[in-house]
Amino acid sequence: MLARIGIAAAMLAVTGVAQAQSPAQMRVIRTIEVRPAFKAALAELDREHPRWIENIVTLTEIPAPPFKEAERGKAYADMFRKLGLEVSIDEVGNVLGLRRGTQPGGKAIVVSAHLDTVFPEGTPTKVRREGDKLFAAGVGDDSTGLATQLSLINAMNAADIRTPSDILFVGTVGEEGLGDLRGVRHLFTQGAYKDRIAAFFSLDGNSTDEFTIGGVGSKRYRLTFTGPGGHSFGAFGLVNPMTALGQTITDLYKVQVPASPKTTYSASVVGGGTSINAIPREAWLEVDMRSESAAELARLERQFLDIVGRAVAGENAARSTAEGPVKVDIKLVGDRPAGATPRDADIVGFTTAAYASAGITPRYSSSSTDSNVPMSLGIPAITIARSAQGGRSHSLDEWVGTTREPALRILRLDLLSVLAVAGYR
């Protein structure tokens, strides 16, 4: 379990419209904007826009199903090497590319995107082009984030931009689903850089006016209910694990949760049974619970576990246990910590100022991304857009827009924010 630092209070009012950035932060952004090197970097982003699209396609078409990101990781490591980074692949499969700063030995800034997709092995990944849109499973989430990282690195190289801080670019594993943020957890708790990270950017999501400063926590359970089973006619009257499962779902959906901080639950996947004419020996259920607040999530989890216990006890009291009682195996399969980056953190202020320089008042939001882990540890972290346009994430007809102007606008905002936090002036 990761440490949580003041999360309950911090999450109470994390979302909303951005507050004004400080004058000092705005001055830093204006200083960077007028530098010839920054203008040269923007010109490189424009010139290499077709390469950004090409990289999206290339990465999307290398399958990266849950827990099987190695092939894409190897290809991504090669892309990092070609850009001159110091590259390694850690014990869990994260791809690390270090771009050294001018003040070695200090804290590093991390910029990351995730290698994995939600789609199981065998899902088609061939990209289809229709005008300025690319369609494929995982084309946006997060193949485009990976490609955006490559474009930022290339632009910095082409313009010979050197930041005071080291920048560690990372392709993480296990961001999606039951991956349970295993890549970024390793980075911050066991990895070689775990004590050197000062701030963290995740490139994930499509937006022109929003970035994430709140991490939605989650608890995910798999419940396996078992009983003696028997013939549906001959053994009628014996306890039935399916009944305890059904009662669990029914009572869960009676739980009232707050709208703010937003708290949710879902009975998501069920299975079990042997035959239509048999009392099942086993039935299983997967449940997802989420909240912007660690305290509310913990409260919901306690209510849920109490419901499970009462459902099992109720079934054993209602029917015969002569051949054995109903039991339940409770397995926690996902535990994403909640967290938040304060609005007055430099990473938020500089990014807000970057948006303001483009005439945008950004909206602050909460989501579940790799940023959850550093947020929960008190390390300043935000999730910024990988692209301006996209939709249907986690579906087979997922798409990302590649129109030049909005895409370059997001790349500019990302680059400006990262450079400011990395100390470039």
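Residues numbered from 1 in each chain as written. Predicted model: local features only at pLDDT ≥ 70, side-chain atom pairs only at ≥ 80, totals over all residues. Heavy atoms only, no water.

## Digging into the environment of A294
- Examined against the element boundaries, A294 turns out to sit in helix α9 (residues 294-318).
- On the accessibility criterion, A294 (16% relative accessible area) is buried.
- Taking C-alpha positions, A294 is 8.5 Å from V216, a pair spaced 78 residues apart along the chain. (Helix = DSSP H or I, 4+ residues; strand = E, 2+ residues; numbered from the N terminus. Buried < 20%, exposed > 50% of the residue type's maximum accessible area, 1.4 Å probe, protein only.)

## Comments concerning the packing of aromatic side chains
- Per the stated rule, a full pass over the model turns up six aromatic pairs.
- Between Y76 and F80 the ring centres are 4.6 Å apart and the planes differ by 50°, which places this aromatic pair in the tilted class. Of the two residues, Y76 and F80 are both situated in helix α5 (residues 70-82); the distance of four residues between them amounts to about one turn of the helix.
- Using a relative accessible area of 0% as the deciding quantity, one classes Y76 as buried. (Phe/Tyr/Trp six-rings, centres within 6.5 Å; stacked < 30°, edge-to-face > 60°.)

## Re the pattern of salt bridges
- All told, the structure shown has 30 salt bridges when counted by the stated rule.
- The shortest N-O distance in the salt bridge between R409 and E405 comes to 2.5 Å. In this pair, R409 and E405 are both assigned in helix α12 (residues 404-421), four residues apart and thus about one turn of the helix distant.
- Owing to a relative accessible area of 28%, R409 belongs among the partly exposed residues under this scheme.
- A relative accessible area of 47% places E405 in the partly exposed class.
- Several salt bridges share partner residues, and in doing so they unite D141, D142, D204 and R386 into one network. (Salt bridge = Lys/Arg side-chain N within 4 Å of Asp/Glu carboxyl O.)

## Some details on the packing of helix α4 (residues 49-60) against α12
- Relative orientation of the contacting elements α4 and α12 amounts to 85°, with a least axis distance of 11 Å. As summarised for this structure, α4 and α12 are arranged roughly perpendicular, according to the angle between their axes. Contacts between α4 and α12 involve H49, P50 and W52 on the former and, on the latter, R404, A407 and L408. (Axes fitted to C-alpha atoms, helices over the stretch in contact; angles between N-to-C directions. Parallel < 35°, antiparallel > 145°, perpendicular 65-115°, else oblique. Contact = heavy atoms within 4.5 Å.)

## Let's talk about the sheet that holds strand β19 (residues 390-391)
- Taken together, four strands build an open sheet; the order of strands is β5-β6-β20-β19 and the sheet is antiparallel. Two strands bound the open sheet, and with one partner strand each, they are β5 (128-130) and β19.
- Bridge analysis of strand β6 (residues 133-135) against strand β20 (residues 399-401) gives three bridges, and the strand direction is antiparallel. Note on β20: the bridge partner recorded for L134 is V400.
- Sheet contacts for α4: β5, β6 and β20; angle to β6, the most-contacted strand, approximately 10°. (Pairing = 2+ DSSP bridges.)

## Details of the layout of surface pockets
- A volume near 470 Å³ is recorded for the largest pocket.
- Along its surface, the largest pocket is lined by 27 residues, and D204, G205, S367, S368 and T369 are the ones closest to its centre.
- Those elements that provide at least two residues to the lining of the largest pocket are β9 (210-215), β17 (363-367) and β18 (381-384). (1 Å grid on protein atoms, 1.4 Å probe; cavity = no way out; pocket = protein on both sides within 12 Å on 5 of 7 lines; lining within 4 Å. Points joined across faces, edges and corners; volume = space filled by probe spheres on them.)

## Quick word on the confidence of the model for the protein
- Considering every residue of the protein, the mean pLDDT works out to 94; 96% of them sit at 70 or more.
- A low-confidence stretch, residues 1-14 (pLDDT under 50), is modelled with 38 contacts involving residues beyond four sequence positions or located in other chains. (pLDDT = per-residue confidence, 0-100.)

## A look at the sheet that holds strand β12 (residues 263-272)
- Strand order in the open sheet formed by four strands is β12-β14-β10-β15, and the pairing between neighbours is antiparallel. Two strands in the sheet have a free side with no partner beyond their single neighbour: β12 and β15 (327-336). Looking at each pair of strands side by side, their axes are set apart by 15° on average, direction ignored.
- As defined by bridge partners, strand β10 (residues 217-226) adjoins strand β14 (residues 282-291) across 10 bridges and the pair is classed as antiparallel. By the bridge assignment, L223 is partnered in β14 with L285.
- Where helix α8 (residues 241-252) meets the sheet, its contacts fall on β10, β12 and β14, and the angle it forms with β14 comes to roughly 15°.

## Here we look at the environment of I360
- Assignment of secondary structure puts I360 in the loop between α10 (346-357) and β17.
- Residue classification places I360 among the buried residues on the basis of a relative accessible area of 15%.
- Linking I360 and E210, residues 150 residues apart in sequence, is a C-alpha distance of 9.4 Å.

## As for helix α2 (residues 23-33)
- Where α2 is concerned, the buried positions are Q25, M26, V28, I29, I32 and E33. The arc that holds the buried residues of α2, viewed along the axis, is 155°, so those residues lie on one side. Those residues of α2 that are exposed and angled more than 90 degrees off the buried face are P23 and R27.
- Turning to α2, the residues buried within the fold contact α3 (36-47), α10 and α12. (Arc of directions from axis to C-beta.)

## Observations concerning the nonpolar core
- Of all hydrophobic cores here, the largest spans 61 residues; its most connected members are Y76 and F201.
- At 10 residues, the largest contribution of residues to this core is made by α12.
- The residues touching Y76, leaving out its near neighbours within four places in the chain, are L59, V95, L115, L146, Q149, L150 and G171.
- The next biggest cluster of nonpolar side chains, apart from the first, holds 20 residues, and it includes Y221, F225, A283 and I307. (Core = buried A, V, L, I, M, F, W, Y, C linked by side-chain atoms within 4.5 Å.)

## Some remarks on unusual backbone geometry
- In this structure, the amide linkage connecting D141 to the following residue, D142, adopts the cis form with an omega of 5°.
- In this structure, D142 sits in the loop between β6 and α6 (143-158).
- In the Ramachandran plot, D160 falls in the positive-phi region, its phi being about 55° despite a non-glycine side chain.
- For D160, the position within the fold is in the loop between α6 and β7 (166-172).
- Under the relative-accessibility criterion, D160 is labelled exposed at 56%.
- Phi angles above zero are rare outside glycine, and D180 is one such case at about 55°.
- As for its placement among the helices and strands, D180 is situated in the loop between β7 and α7 (182-189).
- Assessed through its relative accessible area of 14%, D180 is described here as buried.

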